[in-house]
Amino acid sequence: MRKTAFIGHRRICQNNLAEELDLTIEKQIQSGCTHFIVGSHGEFDRLALSACRTLRKRYPQLVIEVVITSLCAVNTDNFGQRYDDIATVLYEIEEVHYKRRITVSNQKMIDECDALICYVDEGAYQSGAKTALRYAQRKGLQIFNLWTDSAKN
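Source: prediction; values computed, not measured. (Residues numbered from 1 in each chain as written. Predicted model: local features only at pLDDT ≥ 70, side-chain atom pairs only at ≥ 80, totals over all residues. Heavy atoms only, no water.)

S.K.: Before we move on, can you summarise the overall build of the protein chain with the specific residues and values?
M.R.: When helices and strands are tallied, the protein chain shows six helices and six strands. Put simply, the protein chain runs from its N terminus to its C terminus through helices and strands in the order β-α-β-α-β-α-α-β-α-β-α-β. Counting the 153 residues in the protein chain, one finds 46% classified as buried. Relative to all contacts within the protein chain whose residues are 6 or more apart in sequence, the contacts with residues 24 or more apart total 73%. Of the roughly 8400 Å² that the protein chain leaves accessible, carbon and sulfur atoms contribute 47%. (Helix = DSSP H or I, 4+ residues; strand = E, 2+ residues; numbered from the N terminus. Buried < 20%, exposed > 50% of the residue type's maximum accessible area, 1.4 Å probe, protein only. Contact = heavy atoms within 4.5 Å. Areas by Shrake-Rupley, 256 points an atom, 1.4 Å probe, with all protein chains shown as cover.)

Below is the structure:
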């Protein structure tokens, strides 16, 4: 089964990103991908999850997983409401320092996947999303980076 991960910056600065994301996901589905895994932090993750949920109405065979980086997130009041229709994943990272949990989770997501749909400014000095993109490149994943230079402020 082909699997695609989503990685991106916490903030989105691009107006047409939702449309591009929908088209890119649909192309992945048409090429045989039925499994998507997305993080649970930031605007790009929320946008990716929303797009996958919407496309699952047309493609009911889609499997969507959300990666949770801490047990604390599970104990929030609205956790069940946010993910009642989605499988959740918590990698064994509780022993990892809390500042590295997202980075380690991103690497584990990438390790499971064939492709990466991302929103990453490759010109950024440092960012977790850029680190994840570089990791995916080293692993040889098919990469679709939706960042455009017009996204810069």
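Next comes the rest of the description.
S.K.: A description of the packing of helix 1 (residues 17-30) against helix 2 (residues 42-58) should follow, citing residues and the corresponding values.
M.R.: Look at helix 1 against helix 2: their axes get within 10 Å of each other, and the N-to-C directions meet at 50°. Overall, the two elements helix 1 and helix 2 adopt an arrangement that is oblique. The hand of the helix 1/helix 2 crossing is right-handed. Counted together, Leu-17, Ala-18, Leu-21, Asp-22, Ile-25, Glu-26 and Ile-29 of helix 1 and Phe-44, Leu-47, Ala-48, Ala-51, Cys-52, Leu-55 and Arg-58 of helix 2 form the full contact between these two elements. (Axes fitted to C-alpha atoms, helices over the stretch in contact; angles between N-to-C directions. Parallel < 35°, antiparallel > 145°, perpendicular 65-115°, else oblique. Left-handed = near helix turned anticlockwise from the far one by under 90°.)

S.K.: Talk me through the pairing of strand 3 (residues 63-67); I want residue IDs and the actual numbers.
M.R.: Most of strand 3 sits out of view: four of its five residues are buried. Note: strand 2 (residues 33-38) against strand 3, four bridges, orientation parallel. By the bridge assignment, Val-38 is partnered in strand 3 with Val-66. (Pairing = 2+ DSSP bridges.)

S.K.: So what about the packing of aromatic side chains? Which residues, and what values?
M.R.: The geometry of an aromatic ring pair is captured by the separation of the ring centres together with the interplanar angle, meaning the angle of the planes. Counted according to the given criterion, the structure contains three aromatic pairs. Where Phe-44 meets Tyr-119, the ring centres are 5.9 Å apart and the plane angle is 15°; that geometry is what we call stacked. Of this pair, Phe-44 sits in helix 2 while Tyr-119 is found in strand 5 (residues 115-119), placing the two residues 75 residues apart along the sequence. Here Phe-44 falls in the buried class, since its relative accessible area comes to 0%. Taking the centre distance of 5.0 Å and the plane angle of 50° together, the rings of Tyr-119 and Trp-147 count as tilted. Here the residue Tyr-119 occupies a position in strand 5, and Trp-147 occupies one in the segment after strand 6 (142-145), the gap between them amounting to 28 residues. (Phe/Tyr/Trp six-rings, centres within 6.5 Å; stacked < 30°, edge-to-face > 60°.)

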